[in-house]
Amino acid sequence: MSSSSSSLCTNSAFSQSSNVSSFQSKNPLLHSICNSNNFTPSIKKNFIRCSIRHRRPEYIPSKISDPKYIRIFDTTLRDGEQSPGATMTTKEKLDVARQLAKLGVDIIEAGFPASSEADFEAVKLIAEEVGNYNDENGYVPVICGLSRCNKNDIDKAWGAVKYAKKPRVHTFIATSEIHMKYKLMMSREEVVEKATSMVAYARSLGCEDVEFSPEDAGRSDREFLYDILGEVIKAGATTLNIPDTVGYNIPSEFGQLIADIKANTPGIENVIISTHCQNDLGLSTANTLAGACAGARQLEVTINGIGERAGNASLEEVVMALKCRGEQVLGGLYTGINTQHIVLLSKMVEDYTGLQVQPHKAIVGANAFAHESGIHQDGMLKHKDTYEIISPEDIGLSRSNEAGIVLGKLSGRHALKSKMLELGYDIDGKELEDLFWRFKSVAEKKKKITDEDLIALMSDEVLQPHVYWKLGDVQITCGSLGLSTATVKLINTDGQEHIACSVGTGPVDATYKAVDLIVKVPITLLEYTMNAVTEGIDAIASTRVSIRSEDDHNVTNGSTGQTLHRTCSGTGADMDVVISSARAYIGALNKMLSFEKLVSRYNKPEDSVVV
């Protein structure tokens, strides 16, 4: 199938039984291809199959009417946020949840409500707003909260998610011998009793959708798994999630695990089997797909594959593998994901967490659709299918501006808004106004504004945490004759201006020390990176910093009781490298201050948990 035609392979409300000619009439390109003599019957057949998508089945917790439908369970806001330095504010989590709803994920695991009052409030807010979102087809995402197998956790989870139209409680307990012996210090019988009683307790609260996970199932004894899973089904579980918690399994092994559970667990026909694969050996996507082929009908994933240690199965990789190869080799499996929102959400998560996607990352990496080899370029010029198996437009990535809009210093707000919509950003009001003036200031200095420039400015101006401190002015004196000196003006939430001057080993060091004199928050700079967004001497510099709090507002690990210092990241963009650096540093400080105020408000340490 050609690249131009494959861009039509997005979600639609049409079912397989829809009238093809009617669908063609609403899609001129499809009509022209299917009625042209220049395309073989096989190409036409593949085009129709790719263009006409199934309708999303009605959501019933314990069953799916279409056996080929795969539910996508996104845990970016829970497991993904457990990545070191990836902590998100409540506003950021809500922004991501809104985009996940636009993406069309079936279940959003919004957090771990018992870990802190701050996380409880964030999950509750997502349940109230995103959990009551409806599109024109009646879709509304399930909002899920994680809990350990104890009443307090389950009460907190249910208390947060119950405001959603479709709430779910996800509870777990370890089942591998090493976890039960050294972490839980419980016998098999005690683990089974705890699991069944807590699933039953969750159901007794009025929760009709309960997911159970046997943590470290990938290393658990099979017969014990069949036993405990059968018992939690009797207790009322509707979904059984099978985690490869430490990324230990290989695809054939994990696929066999799912197949064995499906064949040997009593009552398994009354529940949904799910997968949750970590990426410690780089096999999470492969294991997830193996699980789907073996009978799992819910797949747990994260945007950009973020998560504990080496991360989780990547949503974009799993979804696009199903979309690209679902019909041919994966038994016709499909999802309800609107893939054209992938790039925007990937960028948002990258900006909010500070975890940058490597250039060679599948699907969303900067090089995923780049062709530099002469042989590859020759093939692409002759036919795009020679080196591209999916179209970049399928994931919301535009190669060029089809509307012919060229932005410059004379462009207005309408042109900017139109261009941002083309890039996947629907902004208006104050957000558009703030971005517009940043855009104008850059356009005065730079002749050509690229898509990459606009995305960098969007990240720096709009996708930022609550502003406690805003950068005013920076004046630098530096060179080889003496120490660098920086004078910095910051503006607080009351509009008051604060000015400080400091010296340092370089202009950025001096600037950061001047900021520290004003903000007076004890932190350590952990990481500082800078990249040019585009080519040329006038390129916008994009900076990322990671900082660690040195005060009392830290994180307590729920499993070990170990006190961990909180880390926060920030990004900045500007044509001046010092200004870009200052924006990133202040962004990280603003995020840290947001958490310190929340922790001070609730006066309760946060826990971290791994599934």
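Bear in mind that the values here come from a model prediction, so they are computed numbers and not experimental data.

### Re helix 17 (residues 429–443)
Link 1 in the chain: The end-to-end C-alpha separation of helix 17 is 21 Å, in line with the 21 Å expected for 15 residues at 1.5 Å each.
Link 2 in the chain: Within the span of helix 17, buried status applies to Leu432, Leu435, Phe436, Arg438, Phe439, Lys440, Val442 and Ala443.

### Quick notes on the packing of helix 5 (residues 90–103) against helix 14 (residues 342–353)
Link 1 in the chain: With their axes 10 Å apart at the nearest point, helix 5 and helix 14 run at an angle of 165° to one another. Taken as axis vectors, helix 5 and helix 14 run roughly antiparallel relative to one another. Both helix 5 and helix 14 take part in a crossing whose hand is left-handed. Counting all contacts with helix 5, which are made through Lys91, Glu92, Asp95, Val96, Gln99, Leu100 and Leu103, the residues of helix 14 involved are Ile342, Leu344, Leu345, Met348, Val349 and Tyr352.

### Focus: the pattern of salt bridges
Link 1 in the chain: The full count for this structure, using the stated rule, is 33 salt bridges.
Link 2 in the chain: Between Arg78 and Glu109 there is a salt bridge, and its shortest N-O distance comes to 3.2 Å. Within this pair, whereas Arg78 is found in the loop between strand 1 (71–74) and helix 5, its partner Glu109 is found in strand 2 (residues 107–111), the two being separated by 31 residues in sequence. Glu109 matches Arg78 in its accessibility class, with the two residues each being buried.
Link 3 in the chain: Among the ionic pairs, Glu433 bridges to Arg413, the shortest N-O distance being 2.8 Å. Of the two residues, Glu433 sits in helix 17 while Arg413 sits in helix 16 (residues 413–422), which places them 20 residues apart along the sequence.

### Quick look at a negative patch on the surface
Link 1 in the chain: A grouping of Glu189, Glu190, Glu193 and Asp227 is seen on the molecular surface, where their side chains present a negatively charged patch.
Link 2 in the chain: Among the elements that make up the negative patch, the one with the highest residue count is helix 9 (residues 188–204) (three residues).
Link 3 in the chain: Secondary-structure assignment places Glu190 in helix 9.

### Quick word on helix 12 (residues 284–293)
Link 1 in the chain: Where burial is concerned, most of helix 12 is hidden: eight out of the 10 residues are buried.
Link 2 in the chain: Restricting attention to buried positions, one finds in helix 12 the residues Ser284, Thr285, Asn287, Thr288, Leu289, Ala290, Gly291 and Ala292.
Link 3 in the chain: Taken together, the buried residues of helix 12 touch strand 6 (239–244), helix 11 (251–264), strand 7 (272–277), strand 8 (298–301) and helix 13 (315–325).
Link 4 in the chain: The positive-phi residue at the C-terminal boundary of helix 12 is Gly295, with phi of around 130°.

### A word on the confidence of the model for the chain
Link 1 in the chain: Per-residue confidence for the chain averages 83 on the pLDDT scale, and 82% of its residues sit at or above 70.
Link 2 in the chain: Every residue in residues 602–609 scores below 50 in pLDDT, and together they form 31 contacts with partners more than four places removed in sequence or on other chains.

### Regarding the packing of helix 16 against helix 17
Link 1 in the chain: Relative to each other, helix 16 and helix 17 sit at 105°, their axes nearing to 10 Å. Compared by their axis directions, helix 16 and helix 17 come out roughly perpendicular. Judged by residue contacts, Arg413, Leu416, Lys417 and Met420 of helix 16 engage Leu432, Glu433, Leu435, Phe436, Trp437 and Phe439 from helix 17.
Link 2 in the chain: Across the contact of helix 16 with helix 17, the residue classes tally to seven nonpolar, no polar and three charged.

Each value, and the rule that gives it
- Residues numbered from 1 in each chain as written.
- Predicted model: local features only at pLDDT ≥ 70, side-chain atom pairs only at ≥ 80, totals over all residues.
- Heavy atoms only, no water.
- Helix = DSSP H or I, 4+ residues; strand = E, 2+ residues; numbered from the N terminus.
- Expected span 1.5 Å × (residues − 1).
- Buried < 20%, exposed > 50% of the residue type's maximum accessible area, 1.4 Å probe, protein only.
- Axes fitted to C-alpha atoms, helices over the stretch in contact; angles between N-to-C directions.
- Parallel < 35°, antiparallel > 145°, perpendicular 65-115°, else oblique.
- Left-handed = near helix turned anticlockwise from the far one by under 90°.
- Contact = heavy atoms within 4.5 Å.
- Salt bridge = Lys/Arg side-chain N within 4 Å of Asp/Glu carboxyl O.
- Patch = residues over 30% accessible without salt bridge, like charges linked within 9 Å, V, L, I, M, F, W, Y side chains within 5 Å.
- Areas by Shrake-Rupley, 256 points an atom, 1.4 Å probe, with all protein chains shown as cover.
- Lys, Arg positive; Asp, Glu negative; His and termini not counted.
- Charge placed at Lys NZ, Arg CZ, Asp CG, Glu CD.
- pLDDT = per-residue confidence, 0-100.
- Nonpolar A, V, L, I, M, F, W, Y, C, P; charged D, E, K, R; others polar.

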